[in-house]
Amino acid sequence: MNIADLDLNLLRIFDAIMRTKNVSEAGASLGLSQPATSFALAKLRKACGDTLFVRTPRGMQPTPRAQSMAEPVRHILSVVETEVFKVSEFNPRTTERTFVFSMTDIGEMVFLPKLLSRLREEAPKIVIKTVTIPAAQLESDLESGAVDIALGYFPDLKKANFYQQRLFNSSFVCVMRADHPVVHKRLNLKQFLTLSHAVVRAEGRSQEVVEHFLMRNGLSRPIGLHIPHFMSVPYFLANTDYLVTVPLPAAVEFAKVTPLKFFELPLKNAPGIELRQHWHARFHRDIASKWMRKIVYECFSAPDVKPLSNR
């Protein structure tokens, strides 16, 4: 017998006849008519080369061949029902799963505290891992499952196989030490274009938004420092006269670390960025991934973060 020719539904009919010893009752239990059930039994007999069931006063009795098939058939049906088509279960309170987020160091500063606080209450055994992935590699890592969610500003993740969900829009602000010798109660355009800036060249793409805006408008500013990470910003700002342009949520966090002040950019139609969570279509219906994305959305979905100063 060629397995490719076998309709697995015939196994359900075989099992039903074994249980009921009656063709009509077997069909009824499966929602089939008596003729349809008889037709299926004929196909089974032909496939097996055996009559399988013989009509007797005590009902349809199995032949030795049918008796030998009964237990393997029940096992196959059980595996299909309980394993192949089993609905995955996910209990956040007991799971020890590791979730991998792609985010920059500034993303860790903005997102992690609130996210970890929420997870501590609802999923105490979950493990969170953050990675910083080059843009060229992030697509493949999301597709493979090496990364579960990209959280932040990722403008390149726009292909058809990627989902995204908006969390909030953020403006940019200019940050400096609280006792800056030139900038006092406000930052004007002349100060912005003449004072020395520090620029962060991180894996994140947010800084490109400001750079491209300045280029499109024919503006330039003196740059005295290039650094690859955001985490050092509050520390060197406290002891220098540099200005640094960052998204507003980062400025708020920086000001918690050391005495700093920040002002909205003195630019007409200043740019902003939209922070989102991104995931691959392969995991769109994964129950654990859906749960984590719901947590992220509930933690960070908010109206647009508008320009403010802390003066």
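Read on for an overview of the structure. (Residues numbered from 1 in each chain as written. Predicted model: local features only at pLDDT ≥ 70, side-chain atom pairs only at ≥ 80, totals over all residues. Heavy atoms only, no water.)

1. Some points on the nonpolar core
Counting 39 residues, the largest nonpolar core has Phe101, Phe111, Ile126, Trp291, Met292, Val296 and Phe300 as its most contacted members. Looking at this core, the elements that each hand over two or more residues are β3 (98-102), α5 (105-122), β5 (149-152), β6 (162-177), α8 (206-216), β11 (272-280) and α11 (287-300). Ranked by the residues each element gives to this core, the list is headed by α11, at 7 residues. Dropping the residues within four chain positions of it, Val296 is found in contact with Phe101, Leu115, Leu151, Leu167, Gln277 and Ser301. Within the second largest apolar cluster, 20 residues are counted, among which are Phe14, Val23, Ala40 and Ala66. (Core = buried A, V, L, I, M, F, W, Y, C linked by side-chain atoms within 4.5 Å. Buried < 20%, exposed > 50% of the residue type's maximum accessible area, 1.4 Å probe, protein only. Helix = DSSP H or I, 4+ residues; strand = E, 2+ residues; numbered from the N terminus. Contact = heavy atoms within 4.5 Å.)

2. Things to note about the pattern of salt bridges
Within this structure, the stated rule accounts for 14 salt bridges. Linking Asp148 and Arg97 is a salt bridge whose minimum nitrogen-to-oxygen distance equals 3.2 Å. With Asp148 in the loop between α6 (135-144) and β5 and Arg97 in the loop between α4 (64-84) and β3, this residue pair connects regions lying 51 residues apart in the sequence. Here Glu298 ties to Lys294 by a salt bridge, and the two come within 2.7 Å at their closest N and O atoms. Taken together, the residues Glu298 and Lys294, both in helix α11 and 4 residues apart, mark about one turn of the helix. Residue Lys294 is classed as partly exposed on the basis of its relative accessible area, which comes to 48%. One connected set of salt bridges, linked through shared partners, spans Arg118, Glu122, Lys294 and Glu298. (Salt bridge = Lys/Arg side-chain N within 4 Å of Asp/Glu carboxyl O.)

All quantities given are derived from atomic positions and should not be read as evidence of function.
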